[in-house]
Each structure stands twice: as C-alpha cells, then as structure tokens.
Amino acid sequence: MIRIGFSGLMHPALETLLPAKRSADFHRVAFFGGYFGCLEVDTTAHVIPRREHVARWRAALSESPRTRLLLRLPAGLLDRSRSDAERAADTEAFVVALTPLLKRERFGAVVATLPSEGYLFGPAEVRSLSQLARALRPAPLVLEARHRSWYESTALDAVRGTGWSLVYLEGDDRWDAPPADHGATGPIGMLRLVHDGPAPPALIGRVARRARALEERFDVLYVVTDCGPAVQPGVAAALEIKYVLNGEQPILAWPEIRSSFPHLEPLCRTADDD
C-alpha cells in the first residue's frame, strides 16, 4: 500500500490553501487527512510538542482511518553539542508527548533527519541512534540521512541493527547525495521528494515510478513531498503524484488548491463536481 502526503502540516503558509469558510470546530489535520494518506508534522523538529496537542492531532484523524501521522524527531535529541543529560531529558519529554499515538493505528512513524554536514556514518553515531531507538520504543522509526556515507554496505548493515528504517530520496542532486537505490534497513518504507519550489513534471514522474518499484518491498510505503519553506508546492506535488499513481484519473481535491495551482485543474475533481 502506498500512502502519499506532504511535510509541513502546521506551517502558517498553508492558511492560503484552506477554505475561507470554516466551521468553529475546523481542524487542519482533519481537513488534510481527508485528501492524503499521510501527513508529516515538521514543527516537532524544532519544538517538543505537548502531550495534549498530540492527542488532538490523533483525534482529528478519527474520520480518516487510512491516514497516518508522521512526526519529525526533535533535532536536539541528536545534537552532540549538548550534554547527555540534556538530550536524555528531552528524549523523555518527547516520549511522554508521543504517548497518545503509541500503539495507535493512526501513527505512521517518528522521522529523524541527520544533518548533511558533520554527521557522517561512524560507530559513535550508530551508538547514538541505537540508544535513541531503545528510548523511543515501540514507536516506528524512520531515518533520513543526506550524506552518502550512510548508504555504503557497512553502514546499511549497522543501521539494520539499530531499529531505524532508512529513507529513499528523490530530487537530491548534490554530489554527495545518497544513491538512487539501496537495501532496506527496516520494515517501514519511505520515499521522500526533496526539491525547493514547484516540482517539475519529470520529477513527479520519477517519484511515481520509484514508488511503484519500492511498493513491492514493504507492506506500507510512505511517499512524502518536501518542497522547501514555501510548503504549498509540496501539497501540489503530493496531489500530482496521487494523480499519476491513480492511472492519471482525476483525484479528489478542493477549490482553493486548484485556484492556487491552475495546472492542477485537469488533474483534480472536487466534491461539487460529483
């Protein structure tokens, strides 16, 4: 099964894509959950969420049983400039915050992003990931590593022993970017489109083809678009990928996204069109 979604769920820029008329109990998690198979909260990479906020996010997906919530790991938990005591305290606080999601079917995974600079594969880094995995258990864990050193055979074997599933990346054209393909290191599949700004059609096609190829390796494959700080292009890209994987048949969307991205007009239908 392929679950398609975008990163940046809580970003203020998404306000322009939301309906102008909303009910008093409107919740953006519930709204986007009606159109996407997964939603990634990236604000948790900067601030440890409160337990009650996570509980509300989970409750907002009650009407979207097929949608999964992905939470970015707070960056401070992997910051080696901080003391072990500081990182341990924040890890404990994050585990408490995750409690409403643990062992719940609406929870997709915790997604950790390693810095591309200064966080190369090595024994110390593997130990840190192993310790963090034990502390976060039983949360599903996904690792996004942007440096090529994490994709050598020795590194892949080491990551397999930590409990983290390594992400597949598409759109990263740096010279030291990860390879196009690699062996699976865990049970969770994630393909991530990384591209600043609107994704060109050729990139959308590449992501869709890779998703089909990777689908055979995992029970569930998350396809997440991350198009930089603007966020809105990532939402549009996720819909375009859905369209391609739907056999290029129109997919369900909403009026505001079609007016913001006119090229989506022939790809999408709204509830009013039915």
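So, here's what we can say about the structure. (Residues numbered from 1 in each chain as written. Predicted model: local features only at pLDDT ≥ 70, side-chain atom pairs only at ≥ 80, totals over all residues. Heavy atoms only, no water.)

## So, the nonpolar core
Grouped together as the largest cluster of nonpolar side chains are 90 residues, with contacts concentrated most on Phe-32, Phe-36, Trp-164 and Trp-254. With eight residues, the single largest contributor to this core is helix α7 (residues 232-245). Discounting residues that sit within four places of it in the chain, Trp-164 has contacts with Val-110, Ala-112, Leu-129, Leu-132, Ala-133, Leu-136, Leu-141, Val-142, Leu-143, Val-159, Thr-185 and Gly-186. (Core = buried A, V, L, I, M, F, W, Y, C linked by side-chain atoms within 4.5 Å. Buried < 20%, exposed > 50% of the residue type's maximum accessible area, 1.4 Å probe, protein only. Helix = DSSP H or I, 4+ residues; strand = E, 2+ residues; numbered from the N terminus. Contact = heavy atoms within 4.5 Å.)

## Digging into helix α2 (residues 51-60)
Among all positions in α2, only Val-54, Trp-57 and Ala-60 are buried. Down the axis of α2, the smallest arc covering the buried residues is 120°, so these residues share one side. Where the residues of α2 are buried, they touch α1 (28-33), β2 (38-41), β3 (68-72) and α3 (84-98). (Arc of directions from axis to C-beta.)

## Here we look at the side chain of Glu-40
Within the secondary structure layout, Glu-40 lies in strand β2. Reaching out from Glu-40, the side chain makes a polar contact with the side chain of Arg-192 at a distance of 2.5 Å. Glu-40 has contacts with Phe-6, Ser-7, Gly-8, Leu-9, Leu-70, Arg-72, Val-111, Arg-192 and Val-224, leaving out every residue within four places of it along the chain. (Polar contact = N/O pair within 3.5 Å; in protein donor to acceptor, adjacent residues only side chain to side chain.)

## A short note on helix α6 (residues 201-215)
The end-to-end C-alpha distance of α6 is 21 Å, a good match for the 21 Å that 15 residues give at a rise of 1.5 Å each. Residues of α6 that are buried: Leu-203, Ile-204, Gly-205, Val-207, Ala-208, Arg-210, Ala-211 and Leu-214. Those residues of α6 hidden inside the fold are in contact with β1 (2-7), β7 (168-170), β8 (189-194), β9 (221-226) and α7. (Expected span 1.5 Å × (residues − 1).)

## Let's talk about unusual backbone geometry
Each neighbour pair has its own omega, and for Arg-137 with Pro-138 the value is 15°, a cis peptide bond. Along the chain, Pro-138 falls in the loop between α4 (123-136) and β5 (141-145). With phi around 70°, Val-231 is a residue other than glycine that occupies positive phi space. Tracing the backbone through its elements, the reader meets Val-231 in the loop between β9 and α7. Of note in the backbone geometry, Glu-248 takes a positive phi value of approximately 55° without being a glycine. Note on placement: Glu-248 falls in the loop between α7 and β10 (251-252).

## With respect to the sheet that holds β8
With parallel pairing, nine strands are arranged side by side in an open sheet as β6-β5-β4-β3-β2-β1-β9-β8-β7. Taken across any chain shown, the strands that pair with only one partner, and hence form the sheet edges, are β6 (165-166) and β7. Here α7 sits on the sheet and contacts β1, β8 and β9; the angle it forms with β1, its principal contact strand, is near 165°. (Pairing = 2+ DSSP bridges. Axes fitted to C-alpha atoms, helices over the stretch in contact; angles between N-to-C directions.)

## Focus on the pairing of β3
Extensive coverage of β3 is indicated by the burial of five of its five residues. As judged from the four bridges shared by β2 and β3, these two strands associate in the parallel manner. Across the sheet, residue Cys-38 finds its bridge partner in β3, namely Arg-68. As a crossover connection, the stretch from β2 through α2 into β3 is right-handed. Sheet topology note: the β3/strand β4 (residues 107-114) ladder contains four bridges and is parallel. (Right-handed = clockwise from strand over helix to strand, strands pointing away.)

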